[in-house]
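Structural overview
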Amino acid sequence: MDNDDHLYSELSRVNNELINTQRELVQRNVRLERAEELLLGAQGQLEQQVQERTRDLEHTLAAFQEEVNVRRAMEEKLRALSLTLLRLQDEERRRVARDLHDTAGQTLTALKITLSLLEKAVTQSPAIADFFTDLNELADQALQEIRTTSHLLHPPLLDEAGFASAASWYVDGFNKRSSIQVRLQLPEGIRLPSLVEIVLFRILQESLTNITRHSGTAAADVHLEVGKGVTTLSVRDYGKGISPERLTRMNRTGSDIGVGIAGMRERLKELGGSLELQSDTTGTLLKASVPSGEV
């Protein structure tokens, strides 16, 4: 009987442990289900937040892209306006040069003829004759100044004989007017497309003007090289140069440059060319390059 009691007690204990274990499993299953529900809820919230954040990012990126497109369009519009302005300036220079030559020049020529006739009519009075001599000299001076101004605005040689002849004429006059002596090296008998010759001539003018204003040099070299793939105009001075910091800004970002250099770059860019500046304490080198061939 004792053995039966012991067995019964053992079975009761095992049964109780089994019941407790089952109860604990049920409780753990309940907690697991709740945890799964919470996890699914959190996952849903996270997915919703991700979707909302993704939409926000998409809207932000779309707005940014739109802003970039607007800015590019504005830059392109400004570039087109700049090029239009440069073309209009060239046409206006050509027109003013022609008007100076055709109108003011002819008027002064007629004035000289009239003065000559009047001078012959008053030869009896030496004082009056001297007066007409002075007037004739003034008229000659005015004619020469108008001719020089007309040619500087748009030299006829540029249309008639090309860049090489116009550059030679311009450098000769520059050397006479300036303390800076420019040495010019050009290939023989070269003709380039009209647009290229105009652009290179304007760059030559602007470069020598900048050298006169800023470099402090006593000499400069101008060299035109016409290769199979590219035509390059190089202008070098031997002055104080440009600081490295400013040179970096001018070459990389295009900032800290004057209107003249910006105009050069725009002209060259229209032709598919480029402008490069190199400078140190020994001077500055400007290289303007355009593709060879028809433009």
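A short tour of the structure in this document, coming up.

1. Quick notes on the nonpolar core
In terms of nonpolar packing, the biggest core is built from 36 residues, with Phe-163, Val-182, Ile-203, Leu-204, Leu-208 and Leu-233 touching the most fellow members. No other element matches helix α5 (residues 194-215), which puts nine residues into this core. Filtering out sequence-adjacent residues up to four positions away, Phe-163 remains in contact with Leu-158, Leu-186, Glu-197, Leu-200, Phe-201, Leu-204, Leu-224 and Leu-233.

2. Things to note about the sheet that holds strand β3 (residues 230-237)
With mixed pairing, the five strands of this open sheet are ordered in space as β1-β2-β3-β5-β4. Of all strands in the sheet, those with a lone pairing partner are β1 (181-185) and β4 (274-280), marking the two edges. The average undirected angle you get between the axes of adjacent strands in this sheet is 15°. Here β3 runs beside strand β5 (residues 283-291); their pairing, made up of seven bridges, is antiparallel. Looking across to β5, one finds that Thr-231 is bridged to Val-290.

3. Some points on the pattern of salt bridges
Counted according to the given criterion, the structure contains three salt bridges. The salt bridge partner of Arg-28 is Glu-24, with a shortest N-O separation of 2.7 Å. Of this pair, Arg-28 and Glu-24 both sit in helix α1 (residues 2-121), four residues apart, which is roughly one turn of that helix. One salt bridge connects Asp-221 with Arg-183, and the closest N-O pair in it is separated by 2.7 Å. Placement of the pair is Asp-221 in strand β2 (residues 219-226) and Arg-183 in strand β1, with a sequence separation of 38 residues.

4. Some words on the pairing of β1
Two elements, β1 and β2, share five bridges in a ladder whose sense is parallel. Bridging from a neighbouring strand, Gln-181 pairs with Ala-219 of β2. Between the parallel elements β1 and β2, the chain passes through α5 in a crossover that is left-handed.

5. Let's talk about the pairing of β3
With respect to burial, β3 is a largely interior element, six of its eight residues being buried. Pairing analysis gives seven bridges linking β2 to β3, with the strands arranged antiparallel. Within the sheet, the bridge partner assigned to His-223 lies in β3 and is Ser-234. What sits between β2 and β3 in their antiparallel hairpin is a turn of three residues.

Definitions and limits used
Residues numbered from 1 in each chain as written. Predicted model: local features only at pLDDT ≥ 70, side-chain atom pairs only at ≥ 80, totals over all residues. Heavy atoms only, no water. Core = buried A, V, L, I, M, F, W, Y, C linked by side-chain atoms within 4.5 Å. Buried < 20%, exposed > 50% of the residue type's maximum accessible area, 1.4 Å probe, protein only. Helix = DSSP H or I, 4+ residues; strand = E, 2+ residues; numbered from the N terminus. Contact = heavy atoms within 4.5 Å. Pairing = 2+ DSSP bridges. Axes fitted to C-alpha atoms, helices over the stretch in contact; angles between N-to-C directions. Salt bridge = Lys/Arg side-chain N within 4 Å of Asp/Glu carboxyl O. Right-handed = clockwise from strand over helix to strand, strands pointing away.

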